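# Descriptive analysis of the structure
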Amino acid sequence: MKRILFVLLLGLVVISCGKDSKNTMTVTGNIKGLKKGTLYLQHFQDSTLVILDSLEIKGDGNFSFTEEVGNPDIYYLYLKKEDNNDINDRITFFGEQGTITINTAWNTFDTNVEISGSKSHAKMEEFYEMMSKFNIKELTLAQQASLPEAQEDSIVLDSLQQLADRNLVSRYRYALNFGLNNGDSYATPYLMVTEVSEANPKYLDSIYKGLSPEVAASTYGKALKDLLEANN
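Quick look at the structure, then. Every value quoted in this text rests on a predicted model; they were computed, and no experiment measured them.

## What to know about the overall build of the chain
- When helices and strands are tallied, the chain shows eight helices and eight strands.
- Buried residues in the chain amount to 36% of all 232 residues.
- Long-range contacts, defined here as pairs at least 24 residues apart, represent 59% of the contacts in the chain between residues at least 6 apart.
- Element-wise, carbon and sulfur atoms account for 52% of the exposed surface of the chain, whose accessible area totals about 14,100 Å².

## With respect to the environment of leucine 204
- Along the polypeptide, leucine 204 turns up in helix 6 (residues 201-209).
- Leucine 204 gets classed as buried once you look at its relative accessible area, which sits at 0%.
- When the C-alpha positions of leucine 204 and leucine 224 are compared, they lie 8.2 Å apart, and in sequence the two are 20 residues distant.
- Aside from chain neighbours lying at most four places away, what touches leucine 204 is Leu176, Met192, Val196, Ser197, Ala199, Leu224, Leu227 and Leu228.

## Some words on the pairing of strand 7 (residues 98-105)
- Relative to strand 7, strand 1 (residues 24-32) runs parallel, the two sharing eight bridges. By the bridge assignment, methionine 25 is partnered in strand 7 with glycine 98.
- Examined bridge by bridge, strand 7 and strand 8 (residues 114-116) share three bridges and lie antiparallel to one another. Bridging from a neighbouring strand, asparagine 103 pairs with glutamate 114 of strand 8.

## Concerning the pairing of strand 5 (residues 73-81)
- Summarising burial for strand 5: eight of the nine residues are buried, a large majority.
- Of the strand pairs in this sheet, strand 2 (residues 36-45) and strand 5 are connected by six bridges, and their pairing is antiparallel. Bridge assignment links leucine 39 to a residue of strand 5, and that residue is leucine 79.
- Of the strand pairs in this sheet, strand 5 and strand 6 (residues 90-95) are connected by six bridges, and their pairing is antiparallel. Counterpart to aspartate 73 in the pairing with strand 6 is glycine 95.

## Considering a negative patch on the surface
- Judged by side-chain charge, Glu149, Glu152, Asp153 and Asp158 come together as a negatively charged surface patch.
- Mapping glutamate 149 onto the fold places it in helix 3 (residues 148-151).

## Here we look at unusual backbone geometry
- Residues other than glycine seldom take positive phi values, yet aspartate 46 does so here, at roughly 55°.
- Residue placement: aspartate 46 occurs in the loop between strand 2 and strand 3 (48-58).
- At serine 47, a position not held by glycine, the phi torsion is positive, near 65°.
- Within the secondary structure, serine 47 sits in the loop between strand 2 and strand 3.

Basis of the calculations
- Residues numbered from 1 in each chain as written.
- Predicted model: local features only at pLDDT ≥ 70, side-chain atom pairs only at ≥ 80, totals over all residues.
- Heavy atoms only, no water.
- Helix = DSSP H or I, 4+ residues; strand = E, 2+ residues; numbered from the N terminus.
- Buried < 20%, exposed > 50% of the residue type's maximum accessible area, 1.4 Å probe, protein only.
- Contact = heavy atoms within 4.5 Å.
- Areas by Shrake-Rupley, 256 points an atom, 1.4 Å probe, with all protein chains shown as cover.
- Pairing = 2+ DSSP bridges.
- Patch = residues over 30% accessible without salt bridge, like charges linked within 9 Å, V, L, I, M, F, W, Y side chains within 5 Å.
- Salt bridge = Lys/Arg side-chain N within 4 Å of Asp/Glu carboxyl O.
- Lys, Arg positive; Asp, Glu negative; His and termini not counted.
- Charge placed at Lys NZ, Arg CZ, Asp CG, Glu CD.

Following this line, the structure appears as structure tokens:
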């Protein structure tokens, strides 16, 4: 009888662990060339950046963190190197259930990073890749407008300004269409709140109404709802 009870209890433990594993995020990867430093997994909780876990690295850039998660959300990898320089040492990524692989190098920690395994992060990268093209065009036009020959020609300046205005309109059009076409992505409300919060509320409202129930109930789905209510 005792043996039967033990087997039943063991089965319940295995089932319980299996359920928990569905909510587990594993962040793993390598920081090429890193010899010494401390890596932190961070997450905002109640507007406070909290350290979830940390790992001291000595001579080997491999790392792995395991964390129980809910809905996909923004997480950070912060690297404290032994160079007394805290600038540009934080990677932002969309964390979610499953295994996420992050590979980078110690000297280009947040500027040349490869992230895979997160559908939400892949959507966010798709958005940023396109937005960077608009940003580059805006910078190019601004540089052209600053040239002496342009400053002395009002017609050229007006033409460059018109191109800049069109680029801005195209930027917003892309962002809003992205939101309307990706209502099932947890990245969508985050991007709307952080990148185009000043857009016409009626368009943002249409995007919010197009979110799936799960996405609308997420952290950034609620943030988008709060933004809309604040603008009313």
